[in-house]
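# A closer look at the structure
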Amino acid sequence: MYENDNFSGYGTGNENTTGTFSGADLNETRTENSYGYENHSTTQSAAGSTNGYTTYQMGGTTGSNNTEPKKTQKHGGYFRKAMVSVSLGLFFGLFAGIGFYAVQQGTGMFTTSTDTAVVDKIASEATTESTQSAQLATNVTYVESDVSNVVEKVMPAMVSIVNNFTETANVFGQQYTQEEAASGSGIIVGKTDDELLIVSNNHVVESADTLTVTFIDGSEAQAQVKGLDSDMDLAVIAVSLNDLSDDTKNAITVATLGSSDDLKLGEPVIAIGNALGYGQSVTNGIVSALNREITLENGSTGTFIQTNAAINPGNSGGALLNMNGEVIGINSNKIGGTAVEGMGYAIPITSASPIIADLMERQTRTKVAEDEVGYIGISLQEVTSQISQMYNMPEGIYVVSVEEGSAAANAGIMKGDIITKFDGSSISSYSDLQKTLQYYAVGDSVTVTVQRPQNGEYVSIELNLTLGSRPASQK
């Protein structure tokens, strides 16, 4: 690790001059430390003098030629070696650089374009990957497991509905009646200057003696039927704004209707409704199936949204929501029933919206007294779905005969006509017609739609009907 070079010389002159030189020791020390660096230190000491100076002694000339040849002293030999090494290194580096530059220039015409192409390709691939990554990031949908914000936003538009009705039964020839109540749900979908409009299922509000609606603040109000559609199991009821307090008016909101056409399988959804009549409850799930075709109890067929979100009795008429809080379906427990767990159904809002809009335009009606219900004056027979398929006839009420001088005769209803709509409400059975008529009194005018056979096919005709009174013999 250490290198010591000691130089000393003694010279005798050949011209009677004697001289003595005591040289200094030149010590160089190299030290390698643990960090890989070299430390150099040089120490020079002079001998022959107590004061540290070099001493020269001069003698006279003796003229003798018998002195030994004088050896040339090499001062600073190590420094010269170092300088020579550095110089050689510099020259080598210079010539190597010149050679490398010459080679580069000589072969540049063959390598420059290739290198540039490679660089451009790498840059292009990097740009493409970056663009693709950005696009993928844009298409990613993040789903929050916490739906409380959505629920908080839409809950003021949800209502509970209680249908108070009379149950009639015959036991051993005796007729008994009993007051009953059934629970359901509704969605606030509109507001006019006079009314608050609520959509629900037809089976939730049909045959009601009274309808009681409960709002988010716990207040209650009576509702009246605005319009019914049994084929799509939809209904619109109305609450007079005069029956609501200012606090309730400020607490409620109108729901936002979305689009069910944009739904995808696996998309998260939320169901809200008055489950089991206990009040509003929230369940969530996904879209399990789209355009699921199901035949209803009245024989009509429709396509529905299937979801695994729990839809229990009382949820009917409630909302199926997307994660933006938009209504994309009207829940119906009656469609799927309770035979299978995890399979609930909802009426797609895109299919329901035109019907809802039509029902909202109807005149709000209340039930009339039984002896004041209007009379048509026909004998009839139901055209069920089976009869319709067998004889290629429209479903509805087949007119077997028309009483002379009756309201039907005056309106132009003929034997063989099939009544399919009464004041805009779909009629597919005698029960439908009977339930609809209880809101119409003697003297009310309505539009009746019939299907009339002409030249081997049925043609739709609209007739204006003014209801008459029931004959005394039938009262």
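Bear in mind that the values here come from a model prediction, so they are computed numbers and not experimental data.

What follows deals with the overall build of the chain. Assigned secondary structure in the chain consists of 9 helices and 23 strands. Residues counted as buried form 34% of the 475 residues belonging to the chain. When contacts within the chain are restricted to residue pairs at least 6 apart in sequence, long-range pairs at least 24 apart make up 60% of them. By element, 50% of the accessible surface of the chain is carried by carbon and sulfur atoms, the whole surface being about 28,600 Å².

This paragraph deals with the pattern of salt bridges. If you walk through the whole model with that rule in mind, you get 7 salt bridges. In this structure, Glu-195 engages Lys-226 in a salt bridge whose closest nitrogen and oxygen atoms are separated by 2.9 Å. Of this pair, Glu-195 sits in strand β8 (residues 195-200) while Lys-226 sits in strand β10 (residues 220-229), and the two are 31 residues apart along the sequence. Each member of the pair, Glu-195 as well as Lys-226, carries the same accessibility label: buried.

Locating Thr-384 in the fold gives a position in the loop between β18 (378-383) and α7 (385-391). By relative accessible area, which is 32% here, Thr-384 ends up partly exposed. Between the C-alpha atoms of Thr-384 and Gly-396, which are 12 residues apart in sequence, the distance is 7.2 Å.

Reading around the circumference, β6-β7-β8-β11-β10-β9 is the order of the 6 strands in this closed barrel, with antiparallel pairing throughout. Across this sheet, the average inter-strand angle for adjacent strands is 40°, counted without regard to direction. Each of β7 (174-191), β8, β10 and β11 (234-240) touches helix α6 (residues 349-360); the most contacted strand, β11, lies at about 40° to it.

Time to look at the sheet that holds strand β13 (residues 281-295). Spatial ordering of the closed barrel is given by β12-β13-β14-β17-β16-β15, a layout of 6 strands whose pairing is antiparallel. Sheet twist, expressed as the mean angle between neighbouring strand axes with direction ignored, is 45°. Two elements, strand β12 (residues 268-273) and strand β15 (residues 319-321), share 3 bridges in a ladder whose sense is antiparallel. Across the sheet, the residue bridging to Ala-271 is Leu-320, located in β15. This element, α6, spans β16 (327-331) and β17 (344-348) of the sheet and lies at about 50° to β17.

Taken together, the side chains of Val-171, Phe-172 and Tyr-176 present a nonpolar region at the surface, about 390 Å² in accessible area. In this fold, Tyr-176 is placed in strand β7. Looking at Tyr-176, the relative accessible area reads 47%, which means it is partly exposed.

On to the packing of aromatic side chains, then. In the structure shown here, the tally under the stated rule is 1 aromatic pair. Between Phe-422 and Tyr-440 the ring centres are 5.3 Å apart and the planes differ by 85°, which places this aromatic pair in the edge-to-face class. A residue pair is termed long-range when its members are at least 10 positions apart, and Phe-422 in strand β20 (residues 418-422) and Tyr-440 in the loop between α9 (430-437) and β22 (445-454) qualify at 18 residues. Each member of the pair, Phe-422 as well as Tyr-440, carries the same accessibility label: buried.

When you line up the elements, Arg-365 lands in the loop between α6 and β18. Among the polar contacts listed, one links the side chain of Arg-365 to the side chain of Asp-444, at a separation of 3.4 Å. Setting aside residues up to four positions removed in sequence, Arg-365 forms contacts with Gln-224, Val-225, Asp-423, Tyr-439, Tyr-440 and Asp-444.

This brings us to the pairing of β22. When β20 meets β22, the two strands line up antiparallel, connected through 4 bridges. For Lys-421, the partnering residue across the bridge sits in β22 and is Thr-449. Between β22 and the antiparallel strand that follows it, strand β23 (residues 457-466), lie 2 residues; Asn-455 among them carries a positive phi value of about 55°.

A positive phi angle is found at Ser-207, which is not glycine, with a value near 60°. With respect to the helices, strands and loops of the structure, Ser-207 is situated in the loop between α3 (202-205) and β9 (210-214). Assessed through its relative accessible area of 29%, Ser-207 is described here as partly exposed. Of note in this structure, Asp-423 is not a glycine but carries a positive phi near 55°. As for its placement among the helices and strands, Asp-423 is situated in the loop between β20 and β21 (425-426).

With that settled, the discussion passes to the pairing of β23. Sheet topology places β22 next to β23; 10 bridges connect them, and they run antiparallel. Opposite Thr-447, over in β23, you have Asn-464 as the bridge partner.

Turning our attention to α9. All of the buried residues in α9 are Asp-432, Leu-433, Thr-436 and Leu-437. The buried residues of α9 occupy an angular sector of 125° when projected down its axis, which confines them to one face. Considering only its buried residues, α9 is in contact with β18, β20 and β21.

Scoring rules and cut-offs
Residues numbered from 1 in each chain as written. Predicted model: local features only at pLDDT ≥ 70, side-chain atom pairs only at ≥ 80, totals over all residues. Heavy atoms only, no water. Helix = DSSP H or I, 4+ residues; strand = E, 2+ residues; numbered from the N terminus. Buried < 20%, exposed > 50% of the residue type's maximum accessible area, 1.4 Å probe, protein only. Contact = heavy atoms within 4.5 Å. Areas by Shrake-Rupley, 256 points an atom, 1.4 Å probe, with all protein chains shown as cover. Salt bridge = Lys/Arg side-chain N within 4 Å of Asp/Glu carboxyl O. Pairing = 2+ DSSP bridges. Axes fitted to C-alpha atoms, helices over the stretch in contact; angles between N-to-C directions. Patch = residues over 30% accessible without salt bridge, like charges linked within 9 Å, V, L, I, M, F, W, Y side chains within 5 Å. Phe/Tyr/Trp six-rings, centres within 6.5 Å; stacked < 30°, edge-to-face > 60°. Polar contact = N/O pair within 3.5 Å; in protein donor to acceptor, adjacent residues only side chain to side chain. Arc of directions from axis to C-beta.

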